[in-house]
Amino acid sequence: MNSPFPASHAAAPVLSCCPGLPAPVLEAVSLKAVLDDLLAQVEIRQVFANRETGPIEATYTFPVPRGATLLSFTAKLGARDLAGRIMPAPQAEDSYEEAVADGDAAILLQEASPGLYTVSVGNLLPGETAALTYRYAQLQYWQSGTLRFALPTVVAPRYGDPAQAGLQPHQAPQGDLFAHHEAEFRASIRGALLDAEITCPTHEVAVERRPDQAVISFADGATRAMDRDIVLHLRKAAPAAATACSEAAAAGDAHLALLSFCPEAGRPSAPEGRFVKILIDCSGSMTGDSIGQAQDALRRILDSLRPQDRFAISAFGSTCRDVTAASLPGTPEAIAAAREAVRTIRADMGGTALGAALLPLLARRDADGRQGDVLLVTDGELHDDALVAKARAAGGRVFTVGVGCAPGESLLSRLSEQTGGAAEFVTPGDDIAARIHRHFQRLFQPRVASLSVQWPGRVLAERRDREGGLFAGDTVHVLARLQGERAGDIAGEVRVRCELADGTTTTVAARLRPLEGAAGAVPDASLLERLLAAGELRAAVDERGLAGDRPDAALTELAVRCQLLSPWTACLMVALRDDNEKTDGQPALRKVPQMPAAGWGGMGSILHGRMDLAGAADGMRFSMARPDVAPGRHRVLYQGGGLRALERLPRCGVPAGLITAVQALVDEGWDEETACLLLLAALLRAGVALTLGRDGERRVRRQAKSVAAADPDLAARVQALVAGHAGGRT
């Protein structure tokens, strides 16, 4: 049976497969990653198909990690192999439109905004498939002995105007309660990471240890719903303080070198105390897992305060309010009162107007005149790239804690880096207390005051991925272009000297090793050259806000030479068709919708299992035991970590009393998805306003007709429930 509420971990057809409605165009996704030391290379494969009777244009906006550098983009269109070429964005867009208008096939990849790519597949013929393959590289980071590797899969709904963030209409992510996409996943861990402890807080995975690598995949080898980031944690007691590698430049008498350095954690500084301003997101998107995480984070932060510290807690949504007084001492009495206030926090404050809350808070000082630091707890789901520059201009450090299954990683990372703070991301299922405590201690850790690198050769260019906000225990990557040694063995030693703000000085050395097995070079640039150029492009966006301005000629030329996707360039593929295969140039637009992120807005929970209220001092806590589901006359679905049908009903506008009544039917053994579908249809017939949208209502009505014919007894029971509810209201 087709279901409007597909299970999270089972391959279930979705409602848009109903006759007469457009079929899903994104049919398969695979994610593969290789982590070798601190360099990750990821391959994404997406399969688009046209199951309609006329040509279509498929568009899909999908997330990529902060700092990802596109290495290649290829496609297989039917039996034809295509390779993408980076060119100036206006030229690529014009060529794409010309090809579509001429009836040919074309594929365009754009950087919609930091952390988002948009692909357009134009003139896909009936019955035709396009398999797209992206490869990107990303540098990884140790943070106090833990490396967090994340593969984002879904873009949660974001607050604000996408157009003001520079997104075109076809690029703006669009959520759909009925959307369902699945992906397969595989990761290989190599090099110095091979002996690390590997855990995954988001999915059940299998880890196969081999002599040369550790292979990670979903536990049963099947696919999983794309409703949350895939997160791996790699832990080592003592990561290497410094590693270095190099490779020859593509042209010229030079080579590129990469130094990865992690300064040893020092003793906490600021014994005189600090002023910490805590800002918590209470917008509607935080309902469910996220607000629970935020409350746990607040309690752990309060427990970390010292008597000489001062603190304040504020909450924001569409407006901002003080949860505590503007400045309190870190005494047991004040902390106890604050913990009680935290219990009352709810995600009921509307939208995510972060700028209106954050900027005044940055300027606030305590009675001693200290500006202090802001610790922001949020899911980061908003369109407001200009906020980063505004916060940097306001002064003061912002330490961000991203919560939820699909946090706005790009925005939160840039906000913390550009203000001299640091970012931490906490996934439901993580050890929240330990991670937040570690992050909070960064406020008191000595910062890196100076960092100097001595390379084995004359430096032609050098760039580090972070200038401010570098703390003891965190990784910094430094890329350099060095003169000499174009071929042969590249040898030498890199020496780095680090001085912390407390005066502690460390000097370490790392021997350069050749970068092996890292594909990704293009004729005019090696892999490390491309990473160096990509850092320059990102810095231009962060420092000068050029993403929405007129194209910069020099940066455009750099991106084209190194074949890099950027705000000024795009990637194009065109497949010329024979005259008898050309279309009329008017394909039907099919925008691939986003799945609801698990836990977003209270929809479902990644913290699957029973709620255990007994003995919980600060409210709810979750055990991970699966509920016992007795077999009934119909199948009863329980998919841990997914969005069950009953869990979606509140977001559809279904009254709570009816949800309880349908739960009783499910407990009797009736199929959950069928009962919920019939309930929605009955409510529509009764004239109850639901938040399904026009297309959603049509899907429900069409699907319910065949379902009611197959289950007349259940249909009658549900209809009686709705009639009784209507009678009770009157």
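It should be noted that the structure appears before, not after, this text.
Residues numbered from 1 in each chain as written. Predicted model: local features only at pLDDT ≥ 70, side-chain atom pairs only at ≥ 80, totals over all residues. Heavy atoms only, no water.

Caption draft 1: Representation of the overall build of the protein chain within the structure. Summing up its helical and strand segments, the protein chain has 14 helices and 36 strands in all. Residue pairs at least 24 apart in sequence account for 75% of intrachain contacts in the protein chain once pairs closer than 6 positions are excluded. Carbon and sulfur atoms provide 50% of the accessible area of the protein chain, an area that totals close to 28700 Å². (Helix = DSSP H or I, 4+ residues; strand = E, 2+ residues; numbered from the N terminus. Contact = heavy atoms within 4.5 Å. Areas by Shrake-Rupley, 256 points an atom, 1.4 Å probe, with all protein chains shown as cover.)

Caption draft 2: Inspection of unusual backbone geometry at higher detail. Backbone geometry at Asp37 places phi at a positive 55°, although glycine is not the residue there. Within the fold, Asp37 resides in the loop between strand S1 (26-36) and strand S2 (39-49). Its identity is not glycine, yet Gln563 carries a phi of approximately 55°, on the positive side. Along the chain, Gln563 turns up in the loop between helix H9 (553-561) and strand S33 (569-575).

Caption draft 3: Spatial organisation of the environment of Leu124. Along the chain, Leu124 turns up in strand S8 (residues 116-124). Taking C-alpha positions, Leu124 is 9.4 Å from Thr583, a pair spaced 459 residues apart along the chain. Residues in contact with Leu124, not counting those within four places in the same chain, are Phe48, Ala49, Asn50, Gly54, Pro55, Ile56, Leu77, Thr129, Ala130 and Arg577.

Caption draft 4: How the structure looks around the sheet that holds strand S28 (residues 459-464). Across the sheet, which stays open at both edges, the five strands sit in the order S28-S29-S19-S18-S32 with mixed pairing between neighbours. With one partner strand each, in any of the chains shown, S28 and strand S32 (513-514) form the two edges of the open sheet. As paired strands, strand S19 (residues 254-261) and strand S29 (residues 476-483) are joined by eight bridges and run antiparallel to one another. The residue of S29 that forms the bridge with Ala257 is Ala480. (Pairing = 2+ DSSP bridges.)

Caption draft 5: Molecular detail of the pattern of salt bridges. All chains considered together, the criterion is met by 27 salt bridges. Here Asp37 makes a salt bridge to Arg513, at a shortest N to O gap of 2.5 Å. In this pair, Asp37 is assigned in the loop between S1 and S2 and Arg513 in strand S32, connecting sequence segments 476 residues apart. Taking the shortest distance from any N to any O, the salt bridge between Glu462 and Arg464 comes out at 3.6 Å. You can call Arg464 buried: its relative accessible area is 17%. Residues joined in a network through salt bridges with shared partners are Arg274, Asp373 and Arg397. (Salt bridge = Lys/Arg side-chain N within 4 Å of Asp/Glu carboxyl O. Buried < 20%, exposed > 50% of the residue type's maximum accessible area, 1.4 Å probe, protein only.)

Caption draft 6: Just the nonpolar core, in detail. Residues Phe48, Leu109, Val119 and Leu132 are the most contacted members of the largest nonpolar core, which totals 60 residues. Per-element tally for this core: the top contributor is S1, with five residues. If we skip the residues at most four places from it in the chain, Phe48 touches Val25, Leu26, Ala58, Tyr60, Val119, Val121, Leu124, Glu128, Thr129, Ala130, Leu132 and Val592. Listed in part, the 37 residues of the second largest apolar core include Met286, Ile291, Ala338 and Leu375. (Core = buried A, V, L, I, M, F, W, Y, C linked by side-chain atoms within 4.5 Å.)

Caption draft 7: Structural view of the state of the cysteines. With the rule as written, the count across this model stands at zero disulfides. Of the cysteine sulfurs around Cys498, a residue in no disulfide, the closest is that of Cys262, at 9.8 Å. The exposure class assigned to Cys498 is buried, which follows from its relative accessible area of 2%. Here Cys652 is not cross-linked by a disulfide; its sulfur's nearest cysteine counterpart is in Cys676, at 8.9 Å. The exposure class of Cys652 is buried, given its relative accessible area of 2%. (Disulfide = S-S within 2.5 Å.)

Caption draft 8: Looking closely at the environment of Ala389. You can see Ala389 is positioned in helix H5 (residues 386-394). Residue Ala389 is classed as partly exposed on the basis of its relative accessible area of 39%. Separated by 29 residues in sequence, Ala389 and Gln418 place their C-alpha atoms 7.9 Å apart.

Caption draft 9: Focus on the sheet that holds strand S27 (residues 448-454). Taking strand neighbours across the sheet as the criterion, the three strands line up as S27-S30-S31 in an open arrangement whose pairing is antiparallel. The open sheet has two edge strands with one neighbour each: S27 and strand S31 (505-511). Each adjacent strand pair in this sheet contributes to an overall mean axis angle of 15°, direction not counted. Bridge count between S27 and strand S30 (residues 493-500): six bridges; the pairing is antiparallel. (Axes fitted to C-alpha atoms, helices over the stretch in contact; angles between N-to-C directions.)

Caption draft 10: Summary view of helix H12 (residues 672-685). The end-to-end C-alpha separation of H12 is 20 Å, in line with the 20 Å expected for 14 residues at 1.5 Å each. With respect to burial, H12 is a largely interior element, 13 of its 14 residues being buried. For H12, the side-chain oxygen to backbone nitrogen distance between the N-cap and Glu673 is 3.5 Å, and the N-cap itself is Asp671. Downstream of H12 by one or two residues, Gly687 has phi in the positive range, about 85°. (Expected span 1.5 Å × (residues − 1). Polar contact = N/O pair within 3.5 Å; in protein donor to acceptor, adjacent residues only side chain to side chain.)

Caption draft 11: Local environment of the packing of H5 against helix H6 (residues 409-419). Remark: H5 packs on H6, axes separated minimally by 9 Å, with the N-to-C direction vectors making an angle of 20°. Classified by the angle between their axes, H5 and H6 sit roughly parallel to one another. The hand of the H5/H6 crossing is right-handed. Between H5 and H6, the contacting residues are Leu387, Val388, Ala391 and Arg392 on the first element and Leu411, Arg414, Leu415, Gln418 and Thr419 on the second. In terms of residue class, the contact of H5 with H6 is made up of five nonpolar, two polar and two charged. (Parallel < 35°, antiparallel > 145°, perpendicular 65-115°, else oblique. Left-handed = near helix turned anticlockwise from the far one by under 90°. Nonpolar A, V, L, I, M, F, W, Y, C, P; charged D, E, K, R; others polar.)

Caption draft 12: Inspection of the packing of aromatic side chains at higher detail. On inspection of all chains with the given rule, the structure shows six aromatic pairs. Here Phe48 and Tyr60 contribute two aromatic rings whose centre-to-centre distance is 6.3 Å and whose plane-to-plane angle is 65°, an arrangement assigned as edge-to-face. Here the residue Phe48 occupies a position in strand S2, and Tyr60 occupies one in strand S3 (residues 56-63), the gap between them amounting to twelve residues. Comparing Phe48 with Tyr60 shows no difference in burial state: the two are buried. Among the aromatic residues, those joined into a cluster by ring pairs are Phe48, Tyr60, Phe62, Phe73, Tyr117 and Tyr134. (Phe/Tyr/Trp six-rings, centres within 6.5 Å; stacked < 30°, edge-to-face > 60°.)

Caption draft 13: Representation of a negative patch on the surface. Residues Asp94, Glu97, Glu98 and Asp102 make up a contiguous surface patch of negative charge. Among the secondary structure elements, Glu97 is positioned in helix H1 (residues 89-101). On the accessibility criterion, Glu97 (48% relative accessible area) is partly exposed. (Patch = residues over 30% accessible without salt bridge, like charges linked within 9 Å, V, L, I, M, F, W, Y side chains within 5 Å. Lys, Arg positive; Asp, Glu negative; His and termini not counted. Charge placed at Lys NZ, Arg CZ, Asp CG, Glu CD.)

Caption draft 14: Expanded view of the pairing of S33. For S33, the tally of buried residues reaches six of seven residues, placing the bulk of the element in the interior. Pairing of strand S6 (residues 85-88) with S33 involves four bridges; the strand directions are antiparallel. Looking at S33, one finds that Pro88 is bridged to Thr569. Sheet topology note: the strand S7 (residues 105-113)/S33 ladder contains six bridges and is antiparallel. Note on S33: the bridge partner recorded for Gln110 is Ala570.

The values are spatial; any link to function lies outside them.
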